[in-house]
Amino acid sequence: MERFYWNEDMETMQPAVLRQLENEYLRTQLDYVWECSAFYQTKFAEAGVKRADIRDLADLPLLPFTEKDECRRNQHEYPPFGSYLATSQEQVIRAHKTSGTTGRALYVALTHRDRNLMNECAARSYWASGLRPSDTVVHCLNYRLWIGGYSDHENLEETGATIVPFGVGQTALLIQTIRELHVNAISATPSYMLPLMEAVLAQGLNPRDLGLNKGFFGAEPGISEPGVRARMEETWGLRAMDANFGMADILSIMGSECEQRQGLHFHAQGAVAVELIEPETGTPLALTEGAEGELVYTHLLKEAQPLVRYRARDVVRILGTGPCACGRTSFRFRILGRSDDMLQVRGVNVFPTGVGNTLAHLSDQLSGEFQIIVDHPPPHQYLRVRVELAQKLIPDTVGDLPQQIIQALREQLSFRVEPELVPYGTLPRTEQKARRVIKTYEQAGS
Ligand SMILES: [Zn+2]
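Owing to the predicted nature of the structure, the values given are computational and were not obtained by experimental measurement.

Novice: Where do I start with helix α3 (residues 38-47) in this structure?
Specialist: Residues lying three or four places apart along an α-helix face the same way, a consequence of the helix completing one turn every 3.6 residues. Three or more residues of α3 are buried, namely Phe39, Tyr40, Lys43 and Phe44. Looking down the long axis of α3, one finds its buried residues gathered within 110 degrees of arc, a one-sided arrangement. Counted as exposed and oriented over 90 degrees from the buried face of α3: Thr42, Ala45 and Glu46. On its buried side, α3 packs onto α2 (15-36) and α4 (68-77). Downstream of α3 by a residue or two, Gly48 has a phi angle that is positive, lying close to 75 degrees.

Take a look at the structure:
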């Protein structure tokens with residue numbers, strides 16, 4: 001019989017049973033944090049909270065948030081891992097660096113147990129997205145420092161699949177390797193598939209000739225944009241899955257789509273507790289279907305750098321909380337964007353992800369790459385958006401395309417843009433997260 005879940009007990013656990021388990025883990029974790037994390041000893045003392053005040057998950061809002069900036073300052077003061085390193089240096093087996101898309105990067109330390117827990121949650125995620133031991137996967141994320149490289153390689157391997165370590169660059173060798181090793185699956189960022197497609201076409205091949213039938217994507221929101229997904233599946237003849245949601249400082253992978261593709265399942269049950277809050281005020285929100293807010297993470301079994309009520313600034317919409325058709329009981333969500341990237345245009349919250357989703361509907365004329373150019377501090381009456389044309393189109397011959405863009409964004413997202421069309425290949429392609437908001441003015445304090 002085919003194994004349907006990676007960890008059936010955890011993935012199909014009834015919410016009440018899971019909560020009991022997580023309450024137990026939280027109590028042990030907080031005992032540990034209070035005893036071993038100098039950072040939290042100071043922080044909690046300053047906030048006037050005592051260990052005895054926190055009995056279970058329901059009491060978490062009594063604790064202060066942990067901000068990424070605090071961790072950055074703390075690492076600067078206590079290099080290299082900060083005083084929130086709760087273990088001895090001997091227990092650390094691996095160090096990564098965050099991608100640092102919004103300021104100075106953080107160093108992330110893992111112990112043996114942290115590594116095993118990461119592998120476990122990631123295997124649940126990849127398995128849910130369809131990865132099986134019979135697959136041969138080429139892993140095309142940057143291996144240098146970044147957790148998506150080496151650690152995700154290991155995460156893929158945990159499922160029993162055959163993993164080919166490739167990294168980025170050298171596309172001709174990549175194409176050769178895929179063909180010679182009969183690779184049938186690829187792990188990459190969605191935007192990486194574009195230069196790969198160009199390289200395949202340049203060799204006089206059709207992308208479908210490569211024989212890839214599964215794609216495991218992550219690290220940027222691209223694949224949740226319906227137009228982008230449809231186009232990629234059509235081009236490559238593969239099933240493209242959003243399989244890799246996570247972050248180095250919390251857990252490399254803690255969310256992925258199942259076969260139903262009804263949003264990302266949360267796969268870090270028993271490893272990370274989540275709360276939903278209102279981004280501006282920090283007020284707790286009920287995690288119910290339709291709710292929108294920022295996810296706040298608390299480690300439950302972390303050794304090296306346990307974080308409590310960590311704000312990673314992901315704003316999400318909760319798509320479902322009851323059991324999914326796949327049988328998994330975890331909630332499903334969709335990333336709306338980062339609260340850091342959120343722009344307000346005449347009172348409307350605008351996320352670059354939303355702009356990408358809308359532009360994807362014009363995918364026959366656009367490449368999918370865009371940048372929002374912010375040349376002055378708020379308030380904004382409209383946004384300037386630099387939009388890249390599809391291959392072979394030039395800005396002078398696109399007719400009413402600018403008008404279509406203006407109209408689509410006004411209808412879908414209720415704000416006004418001034419589009420600037422640029423030829424194909426103008427905007428940078430990245431192997432990590434694409435920068436969608438370009439601020440061209442001096443920001444106070446940065
Ligand atoms: Zn499901």
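Now that the structure has been shown, we can carry on.
Novice: How should I be thinking about the pairing of strand β20 (residues 417-422) in this particular structure?
Specialist: Consecutive side chains of a regular strand alternate in pointing toward one face of the sheet and then the other. As paired strands, strand β19 (residues 383-389) and β20 are joined by six bridges and run parallel to one another. Directly across from Leu383, in β20, lies its bridge partner Val417. In this fold, β19 hands off to helix α11 (residues 401-413), which returns the chain to β20; that crossover is right-handed.

Novice: I'm lost on the sheet that holds strand β18 (residues 366-374) in this one. Help?
Specialist: Think of a sheet as strands paired side by side through backbone hydrogen bonds, with each pair either parallel or antiparallel. Pairing in this open sheet of four strands is mixed, and the strands run β20-β19-β18-β21 from one edge to the other. Of all strands in the sheet, those bounded by a partner on one side alone are β20 and β21 (437-439). Averaged over all adjacent pairs, the angle separating strand axes in this sheet is 30 degrees, with direction ignored. As paired strands, β18 and β21 are joined by three bridges and run parallel to one another.

Novice: Even after reading the chapter, I still don't get the nonpolar core, so can you show me in this structure?
Specialist: Taken as a class, soluble globular proteins show a tendency for nonpolar side chains to be buried jointly. Of all hydrophobic cores here, the largest spans 106 residues; its most connected members are Cys121, Leu251, Met254 and Val272. The element best represented in this core is helix α5 (residues 112-128), accounting for eight residues. There are two domains that each give this core at least three residues, and those are domain 1 (15-270) and domain 2 (343-439).

Novice: Teacher, can you tell me more about the packing of helix α10 (residues 352-359) against α11 here?
Specialist: Taken N-terminus to C-terminus, the directions of α10 and α11 make an angle of 125 degrees; their axes are 10 Å apart at the nearest point. Classed by the angle they form, the pair α10 and α11 counts as oblique. In this structure, α10 crosses over α11, and the sense of that crossing is right-handed. Of the residues in α11, those in contact with Gly354, Val355 and Thr358 of α10 are Ala408, Leu409, Gln412 and Leu413.

Novice: How should I be thinking about the environment of Ile406 in this particular structure?
Specialist: For Ile406, the location among the structural elements is in helix α11. For Ile406, a count of 17 C-beta atoms within 10 Å gives the class partly exposed. Remark: the alpha-carbon pair of Ile406 and Pro226, spanning 180 residues in sequence, is separated by 19 Å. Setting aside residues up to four positions removed in sequence, Ile406 forms contacts with Val417 and Pro419.

Novice: In this structure, what is going on with unusual backbone geometry? I would like to understand it.
Specialist: Leave glycine aside and you will find that most residues have negative phi; peptide bonds, for their part, are mostly trans. Of the consecutive residues Pro79 and Pro80, the connecting peptide bond is found in the cis state with omega at -5 degrees. With a phi close to 50 degrees, Gln170 is a non-glycine residue in the positive phi region. Residue position: Gln170 is located in the loop between β5 (162-165) and α7 (171-180). When the 12 C-beta atoms within 10 Å are taken as the criterion, Gln170 is described as exposed. One non-glycine residue, Ser414, lies in the positive phi region at around 60 degrees. Examined against the element boundaries, Ser414 turns out to sit in the loop between α11 and β20.

Reading the values: rules and limits
Residues numbered from 1 in each chain as written. Predicted model: local features only at pLDDT ≥ 70, side-chain atom pairs only at ≥ 80, totals over all residues. Buried ≥ 20, exposed ≤ 12 C-beta atoms within 10 Å, placed from the backbone. Helix = DSSP H or I, 4+ residues; strand = E, 2+ residues; numbered from the N terminus. Arc of directions from axis to C-beta. Contact = placed C-beta atoms within 7 Å. Pairing = 2+ DSSP bridges. Right-handed = clockwise from strand over helix to strand, strands pointing away. Axes fitted to C-alpha atoms, helices over the stretch in contact; angles between N-to-C directions. Core = buried A, V, L, I, M, F, W, Y, C linked by C-beta atoms within 7 Å. Domains from an automatic or database assignment. Parallel < 35°, antiparallel > 145°, perpendicular 65-115°, else oblique. Left-handed = near helix turned anticlockwise from the far one by under 90°.

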